[in-house]
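Observations on the three-dimensional arrangement
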Amino acid sequence: MRSNLVAGNWKMCGDSASIGKLVAEMKASLPAEPGVDIAVFPPSVYLAQVLVGLSGSPVAVGNQNVCDQPSEGAYTGEVSASMLADVGCRYVIVGHSERRAMYGETSEQVAQKAKQALLQGLIPLVCVGETEAQRDEGATLEVISAQLKPIFSTLSAEQLRLIVVAYEPVWAIGTGKTASPDQAQEVHAFIRALFSKKDELLAKGLRILYGGSVKAANAGELFAQADIDGGLVGGASLDAQEFSAICRAAE
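Residues numbered from 1 in each chain as written. Predicted model: local features only at pLDDT ≥ 70, side-chain atom pairs only at ≥ 80, totals over all residues. Heavy atoms only, no water.

With that settled, the discussion passes to unusual backbone geometry. One non-glycine residue with positive phi stands out, namely K11, at about 50 degrees. Relative to the helices and strands, K11 is located in the loop between strand 1 (5–9) and helix 1 (16–29). The phi angle at S213 is positive, at roughly 60 degrees, despite the residue not being glycine. Its location among the elements puts S213 in the loop between strand 7 (207–210) and helix 11 (216–223). (Helix = DSSP H or I, 4+ residues; strand = E, 2+ residues; numbered from the N terminus.)

This part is about the layout of surface pockets. Approximately 640 Å³ is the volume attributed to the largest pocket. Counting residues per element, the lining of the largest pocket draws most heavily on helix 4 (residues 97–103), which supplies four residues. Broken down by class, the residue content of the lining of the largest pocket amounts to 11 nonpolar, eight polar and four charged. Taken together, 19 residues form the lining of the second largest pocket, with K11, G174, S213, G234 and G235 sitting closest to its centre. (1 Å grid on protein atoms, 1.4 Å probe; cavity = no way out; pocket = protein on both sides within 12 Å on 5 of 7 lines; lining within 4 Å. Points joined across faces, edges and corners; volume = space filled by probe spheres on them. Nonpolar A, V, L, I, M, F, W, Y, C, P; charged D, E, K, R; others polar.)

Right, let's talk about the side chain of N63 for a bit. By secondary structure assignment, the location of N63 is in strand 3 (residues 59–63). Not counting the four nearest positions on each side in its chain, N63 is found in contact with F41, P42, S44, L47, L84, C89, Y91, V92 and I93. (Contact = heavy atoms within 4.5 Å.)

As a further point, take the packing of aromatic side chains. Scanning all chains against the criterion turns up three aromatic pairs. Geometrically, the ring pair formed by F41 and Y91 is edge-to-face, given 6.3 Å between the ring centres and 65 degrees between the ring planes. Taken together, the residues F41 in strand 2 (residues 37–41) and Y91 in strand 4 (residues 91–94) connect sequence positions 50 residues apart. The exposure classification of F41 matches that of Y91, with both residues buried. The interplanar angle of 65 degrees and the centroid separation of 4.7 Å between the aromatic rings of F152 and F195 together place this pair among those described as edge-to-face. Taken together, the residues span a long stretch of sequence, with F152 in helix 7 (residues 140–154) and F195 in helix 9 (residues 181–198) at a distance of 43 residues. The exposure class of F152 is buried, given its relative accessible area of 15%. The buried category is assigned to F195, whose relative accessible area is 0%. (Phe/Tyr/Trp six-rings, centres within 6.5 Å; stacked < 30°, edge-to-face > 60°. Buried < 20%, exposed > 50% of the residue type's maximum accessible area, 1.4 Å probe, protein only.)

Here we take up the pattern of salt bridges. Under the counting rule described, the total for this entry stands at 13 salt bridges. Across the pair E130 and R135 runs a salt bridge whose closest N-O atoms are separated by 2.8 Å. For E130, a relative accessible area of 0% corresponds to the buried category. Notably, a salt bridge pairs R192 with D229, separated by 2.9 Å at the nearest N-O pair. Separated by 37 residues along the polypeptide, R192 in helix 9 and D229 in the loop between helix 11 and strand 8 (230–233) bring together distant segments of the chain. Owing to a relative accessible area of 8%, R192 belongs among the buried residues under this scheme. Taken together, the shared-partner salt bridges in this structure form one network comprising R2, R192, D227 and D229. (Salt bridge = Lys/Arg side-chain N within 4 Å of Asp/Glu carboxyl O.)

Glancing now at the nonpolar core. With 64 residues, the main nonpolar core has I163, I191 and F195 as its most contacted residues. Discounting chain neighbours no more than four positions away, the residues touching F195 are L148, F152, L160, I163, V165, L202, A203 and L206. A7, F41, A166 and L232 belong to the second largest nonpolar core, which has 14 residues in total. (Core = buried A, V, L, I, M, F, W, Y, C linked by side-chain atoms within 4.5 Å.)

The next point concerns helix 11. Along helix 11, the positions that sit buried rather than exposed are N218, A219, L222 and F223. Down the axis of helix 11, the smallest arc covering the buried residues is 125 degrees, so these residues share one side. Of the exposed residues in helix 11, those oriented more than 90 degrees away from the buried face are A217 and E221. (Arc of directions from axis to C-beta.)

What follows deals with the pairing of strand 3. With respect to burial, strand 3 is a largely interior element, five of its five residues being buried. The two faces of strand 3 match: V59, V61 and N63 on one face and A60 and G62 on the other face are all buried. One ladder, built from three bridges, connects strand 2 with strand 3; its direction is parallel. Among the inter-strand pairings, A39 is bridged to a residue of strand 3, identified as A60. The parallel pair strand 2 and strand 3 is bridged by helix 2 (residues 47–53), and the resulting crossover is right-handed. Examined bridge by bridge, strand 3 and strand 4 share two bridges and lie parallel to one another. What sits directly across from N63, in strand 4, is V92. (Pairing = 2+ DSSP bridges. Right-handed = clockwise from strand over helix to strand, strands pointing away.)

Have a look at this one:
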């Protein structure tokens, strides 16, 4: 049976003081044994601080990006999967729409990043999602399928069993707009069906998160959908009480 996951993407926000405060408030507000998996993704320069701060808590830590290259070397500005595993990360986000749009990441690069993460024992959260224009054109499912195609051709069946997929409609990220539960469920069911073509048992075990202006007020209705297994939370994850409420909704 799939276990729900709530992941907090802190993006490029915070400083040592505010992140220390957020970590302390999270530890105080989250139950010691939550009925859901929880992870947070701080800016990489604060990974050590967050790993220490959350030590002994049920919250795992991940990075917001990873290098697509298999070994260390002359890749200025990059961080390898082995380095992230070495410092204690458990997860990594790959293919977030902001990385795709702002930094030109291709779906092929995203698949390579997922592969490198898996080879080092990290769990990649593979992000997919359509723009508002693509949705208006009726191309949502076509876009999602194209974004996942390199994942299927790059990863083995065993590796596919270990990933998490996050559906984040680009038009709902940080805009206050949220896909309706029915809209989100339609895409989540489609994603699961794509994986079912590879392996039905794999598809049943795949965790698919919804992201895009998730907050405590809408989390329960979204997470109640049959194919939504938690959320990738942006701005609301920077508020410990709000994030805790979202985690409780996922239980």
